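Residue-level listing of the chains:
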Amino acid sequence: MSTGPEDFDDTSDQPGEGLAERKMRFLFALRSRGVTDTRVLTAMERVDRGLFVRGLFADRAYEDMPLPIACGQTISQPSVVGLMTQALQVNPRDTVLEVGTGSGYQAAILAQLCRRVYTVDRYRRLVREAGELFRQLDLTNITSITADGSFGLPDQGPFDRIIVTAAAEDPPGPLLEQLKPGGIMVLPVGQSDTVQSLIKVTRSSRGFDYEELRPVRFVPLVEGLGSE
Ligand code: SAH
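What counts, and at which threshold
- Residues numbered from 1 in each chain as written.
- Predicted model: local features only at pLDDT ≥ 70, side-chain atom pairs only at ≥ 80, totals over all residues.
- Heavy atoms only, no water.
- Near = heavy atom within 4 Å.
- Polar contact = N/O pair within 3.5 Å; in protein donor to acceptor, adjacent residues only side chain to side chain.
- Areas by Shrake-Rupley, 256 points an atom, 1.4 Å probe, with all protein chains shown as cover.
- 1 Å grid on protein atoms, 1.4 Å probe; cavity = no way out; pocket = protein on both sides within 12 Å on 5 of 7 lines; lining within 4 Å.
- Sits in = over half its atoms within 2 Å of the grid points.
- Pairing = 2+ DSSP bridges.
- Helix = DSSP H or I, 4+ residues; strand = E, 2+ residues; numbered from the N terminus.
- Axes fitted to C-alpha atoms, helices over the stretch in contact; angles between N-to-C directions.
- UniProt positions renumbered as here; feature names shortened; annotations may be inferred.

### Structural notes on the site of the ligand
Moving on, step 1. Neighbouring residues of the ligand: 27 residues in total, closest S103, D121, D148, G149 and V222.
Moving on, step 2. G100 is positioned such that a nitrogen or oxygen atom in its backbone is 2.9 Å from a nitrogen atom of the ligand.
Moving on, step 3. D148 is positioned with one of its side-chain polar atoms (N or O) 2.8 Å from a nitrogen atom of the ligand.
Moving on, step 4. Bound to the protein, the ligand loses 99% of the 580 Å² it would expose on its own.
Moving on, step 5. Placement of the ligand is best described as lying within the largest pocket.

### Here's the deal with the sheet that holds strand β4 (residues 116–121)
Moving on, step 1. Read from one edge of the open sheet, 7 strands run β5-β4-β3-β6-β7-β8-β9, paired in mixed fashion. Each edge of the sheet is formed by a strand with only one pairing partner; in this case those strands are β5 (142–146) and β9 (208–216). Pairs of neighbouring strands in the sheet enclose a mean axial angle of 15°, with direction left out of account.
Moving on, step 2. Where strand β3 (residues 95–99) lies against β4, 5 bridges are found, and the strand directions are parallel. Each residue of the ladder has a partner; that of E98, found in β4, is T119.

### Considerations on the UniProt feature "active site" (unreviewed entry) in the protein
Moving on, step 1. Residues given the UniProt feature "active site" (unreviewed entry) here are S76.
Moving on, step 2. Here S76 is to be found in the loop between β2 (74–75) and α3 (78–88).

Quick look at the structure:
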């Protein structure tokens, strides 16, 4: 889940509007909220958010808002997905770790931009359902794993890029350790349900640089595996 302070909804469906128009307005909303990187916009144009939202909320998939998914979780607001992806500065040869698979939408976008994505979630069900979508979309460069992502994936790391889509109080130590020198990690930090900041951590030869990007609201990073 993610909402910005400017989270008014100017993308809600207009009566009689077709899918093509809705998708156009979706992309326009991304641009007007600061997603300007053309590679990111192209990736977001290619990945149909409508496939990642099921049930009651499916017809709101092209609105710029977070929506409920299974296991009491949320698919993030598209403009926040775009801004996080942009801040991550992904290169085509990168290996990326995502903590918080959720619907799989963010991972599918990353998969357009890099060599390999490892995505982990604490709910087996979310990992399974996202994995089915990745197969359906022929996204063979995504590996989805059920795990507590706060420990990262020591066997697969280190990573060029790490993105966390659930909020911890501080950047988890194992994730900092699994970031390559020159690597970038983007994550929300702060007490859950109060003010959180999206931050960008860059690892240099001297240590870690921290940059605060904007206020956000995400579901919390929770320890251990989920029940479903
Ligand atoms: N990126 C997702 C949105 C994720 S919502 C998308 O594009 O749809 C946050 C997700 O983080 C939830 O699915 C939640 O189960 C997961 N999560 C929370 N704590 C976690 C942990 N410790 N390890 C792995 N996943 C975690």
